[in-house]
Amino acid sequence: MRLERFSMGVGDRFGLQGEAQLAAFDEARRRGIEVVPVWNKSNREHKTVGTGPESVRQEADSAVAARGWNHGYHVDADHIALDTVDPYIPHSDFFTIDVAAFIGQQASPDAIRAFTDKQASRVGRITVPGISEPLEVSAAQITQIAETFLLAVQEAGKIYRRIAEQRGAENCIFEISMDETERPQTPVEMLFILAAVAEEGIPIQTIAPKFTGRFNKGVDYVGDLTKFSQEFEQDLAVLAYAVDEFGLPDTLKLSVHSGSDKFSIYGPMREAVHKTGAGLHLKTAGTTWLEELIGLALSGNDGLALAKEVYAQAYGRFDELAAPYANVIDIDVSKLPSVETVGEWSGEQFASALRHVPEHQEFNPHFRQLLHVGYKVAAEMGDRYLDALKRNATVVGENVTENILDRHLLRVFG
Ligand SMILES: [Zn+2]
C-alpha cells in the first residue's frame, strides 16, 4: 500500500464531521490540489471520549461512501505502542508507531557495536544533495546516535512485526514518530535513524521528527522561522538520500505533527516540497472540534448556551484539563475572559474569539487553547453535546469544511 504524495491527517473527536471534512478535500481537488485524507485518532483521544478504533474506520468508510469519494483515504492508529496497538490492527491501515519514550534508553552493547561497525564506512564527509555543506560524521558520533536511538528503532521493529504478522505489511502504511521528545533531531541523527530503520526492516513511508520551535495546539507556530525552514529542507534532503542509500520506500516523506493552524510555516513548507518534488503528511486533530464549538455558538440559542457551558466548565477545571497537554499549550490565565464576560457574548463574539483569524481584533489564543484541551468536558456531556451537533449539523459542517479547506489544504498544498 503506497501513501499518496500529499496527505493530511484529520482528527474528529466526536466522529460526526467525516463528511464535512471530506467535502474540503473534494473542493481542493476541484481546484487541482490533490490531497488524500487520513482519519487519525490516538489512544488518549479514544480514552477521553470513550470510543474505540472501529469507530474511526466506520466514520471514514461512511463519509467516503456518502460523498462518492473515489480516491485514496486511510485510517491512522495514531501514536500507538506495543501495549496499545492490538485493538487497532483490524481497523487501521496506517500506523503511527510512537517510540519517543524509548529515545535515550540504551540498546544492548552488542547491538550498538554491530550497528556502529556496519556504519563505519560512512565515517568522514557525506555529501547529501540539497544540503550545501557536507555532513561531518565521526565514529564516536555514530556510536552516540546508536546509544540514543537504536533501542527506539528496535522497539518500532517489534511493533511493526506485530502489525505485519496480523495484517500483512503490504496492506499497511507505517510511520515512526519521534516528535514527542525533548529536542529536535539533527540531520546527521536523522540519517542514522533511517539507516537503523532500514536495517530493522521497517518499510516506513513517513517519519515525524521533532522540529525546532513550539507546536502549540490549535495556534500558530512559535519559533525561529529561518531555523525551522532550514531544518525542514535538510530533513527533506536526508530523506531523499536515505531512500536511495538504504533502500527505504520511495514514498518516504516527512510527517508534521500538531500541524493544524501553523500558518507561518505553511509557506516555507509549501515552497520546499514544490521545489524538491517531495511529499508531505500534515497531521492535525483538534482543530475540527473547535469548529464544532464555533458552529454551535453561531447557531444561537441552545447551541450558544452549550458552547458557553463548555467554556465555563473548562475554565473551572483549568489545571486538570491543561496538565496532560502542558508541553503543547501556552496559556496566560490572566488573558482568559471570565465566565461572566463570556456569558454575555453573542454567538458572533464567541466565534470571533475562538476562530483562528489572528488579525481579528477579538481573537483570543488563550481562550482557543483552553477550549482545545477542553474536549473532555463535551465528552462528559455525552448525548446532550452530540444531539446539539446533530441539530446544528449544517452550520457546524460549514465551519469544519471552511477550516480544513481555507486555513489548511489551500495554504499548505496550494
Ligand atoms: Zn505527534
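Before any of the text, the structure's been laid out above.
Residues numbered from 1 in each chain as written. Predicted model: local features only at pLDDT ≥ 70, side-chain atom pairs only at ≥ 80, totals over all residues. Heavy atoms only, no water.

## Remarks on the overall build of the chain
Logical step 1: Each helix and strand in the chain was counted, giving 17 helices and 10 strands.
Logical step 2: In terms of overall dimensions, the chain is globule-like: its C-alpha atoms have a radius of gyration of 22 Å, near the 22 Å expected for 414 residues.
Logical step 3: If you line up the chain on its principal axes, its C-alpha atoms span 70 × 45 × 40 Å.
Logical step 4: Classification of the 414 residues of the chain by burial places 58% in the buried group.
Logical step 5: For the chain, the exposed area adds up to about 16,400 Å²; of that, 48% sits on carbon and sulfur atoms.
Logical step 6: Charged side chains of the chain number 40 positive and 60 negative; the gap between the two group centres comes to 1 Å. (Helix = DSSP H or I, 4+ residues; strand = E, 2+ residues; numbered from the N terminus. Rg over C-alpha atoms; globule rule 2.2 N^0.38 Å. Buried < 20%, exposed > 50% of the residue type's maximum accessible area, 1.4 Å probe, protein only. Areas by Shrake-Rupley, 256 points an atom, 1.4 Å probe, with all protein chains shown as cover. Lys, Arg positive; Asp, Glu negative; His and termini not counted. Charge placed at Lys NZ, Arg CZ, Asp CG, Glu CD.)

## Some thoughts on the coordination of the zinc ion
Logical step 1: Protein-derived ligands of the zinc ion are His 79 (NE2), Asp 179 (OD) and His 257 (ND1), with the metal-ligand distances lying across 2.0 to 2.3 Å.
Logical step 2: Counting gaps between the donor residues of the zinc ion yields the pattern H-x99-D-x77-H. Linking Asp 179 in the loop between strand 7 (173-177) and helix 6 (187-200) with His 257 in the loop between strand 9 (253-256) and helix 8 (263-276), this pair joins segments that are 78 residues apart in sequence.
Logical step 3: Since its relative accessible area comes to 14%, Asp 179 is described here as buried. (Donors = N, O, S within 2.8 Å, 3.2 Å for Na, K, Ca; no water.)

## A few points about the pairing of strand 4 (residues 94-98)
Logical step 1: By the criterion of burial, strand 4 is predominantly enclosed, with 5 of the 5 residues buried.
Logical step 2: Judged by which residues are buried, strand 4 turns out to be covered on both faces: Phe 94, Thr 96 and Asp 98 on one side and Phe 95 and Ile 97 on the other are all buried.
Logical step 3: Both strand 3 (residues 74-80) and strand 4 contribute to a ladder of 3 bridges, which runs parallel. Of the residues in strand 4, the one forming a bridge with Asp 76 is Phe 94. (Pairing = 2+ DSSP bridges.)

## Notes on the nonpolar core
Logical step 1: Among the nonpolar cores identified, the biggest contains 94 residues, and Phe 192, Leu 194, Phe 232, Met 269 and Phe 413 are the most heavily contacted of them.
Logical step 2: Of the residues forming this core, the biggest block, 12 residues, is contributed by helix 5 (residues 139-167).
Logical step 3: Apart from residues lying up to four places away in sequence, Leu 194 is in contact with Ile 204, Ile 207, Val 238, Leu 239, Ala 242, Phe 246, Leu 248 and Leu 252. (Core = buried A, V, L, I, M, F, W, Y, C linked by side-chain atoms within 4.5 Å. Contact = heavy atoms within 4.5 Å.)

## A short note on the packing of helix 5 against helix 6
Logical step 1: Close contact between helix 5 and helix 6 brings their axes to 9 Å; oriented N to C, the two are set at 40 degrees. As the angle between them shows, helix 5 and helix 6 are arranged oblique. Here the hand of the crossing between helix 5 and helix 6 comes out right-handed. In this structure, helix 5 contributes Gln 141, Ile 142, Ile 145, Phe 149, Leu 150, Val 153, Gln 154, Gly 157 and Arg 161 to the contact, and helix 6 contributes Val 188, Glu 189, Phe 192, Ile 193, Ala 196, Val 197 and Glu 200. (Axes fitted to C-alpha atoms, helices over the stretch in contact; angles between N-to-C directions. Parallel < 35°, antiparallel > 145°, perpendicular 65-115°, else oblique. Left-handed = near helix turned anticlockwise from the far one by under 90°.)

## Observations regarding the sheet that holds strand 10 (residues 280-283)
Logical step 1: In spatial order, the strands read 1-2-3-4-7-8-9-10; together these 8 strands close into a barrel with parallel pairing. Here the average twist between neighbouring strands, direction ignored, is 25 degrees.
Logical step 2: Pairing of strand 1 (residues 6-10) with strand 10 involves 4 bridges; the strand directions are parallel. By the bridge assignment for strand 10, Phe 6 is matched with Leu 280.
Logical step 3: Sheet strands touched by helix 17 (residues 393-413): strand 1 and strand 10. Its angle to strand 1, the strand with the most contacts, is close to 150 degrees.

## Concerning the environment of Leu 306
Logical step 1: Residue position: Leu 306 is located in helix 10 (residues 301-316).
Logical step 2: In the structure, Leu 306 is positioned 49 residues away from His 257 in sequence and 30 Å away in space, judged by C-alpha atoms.
Logical step 3: Discounting residues that sit within four places of it in the chain, Leu 306 has contacts with Leu 296, Met 381, Arg 384, Tyr 385 and Ala 388.

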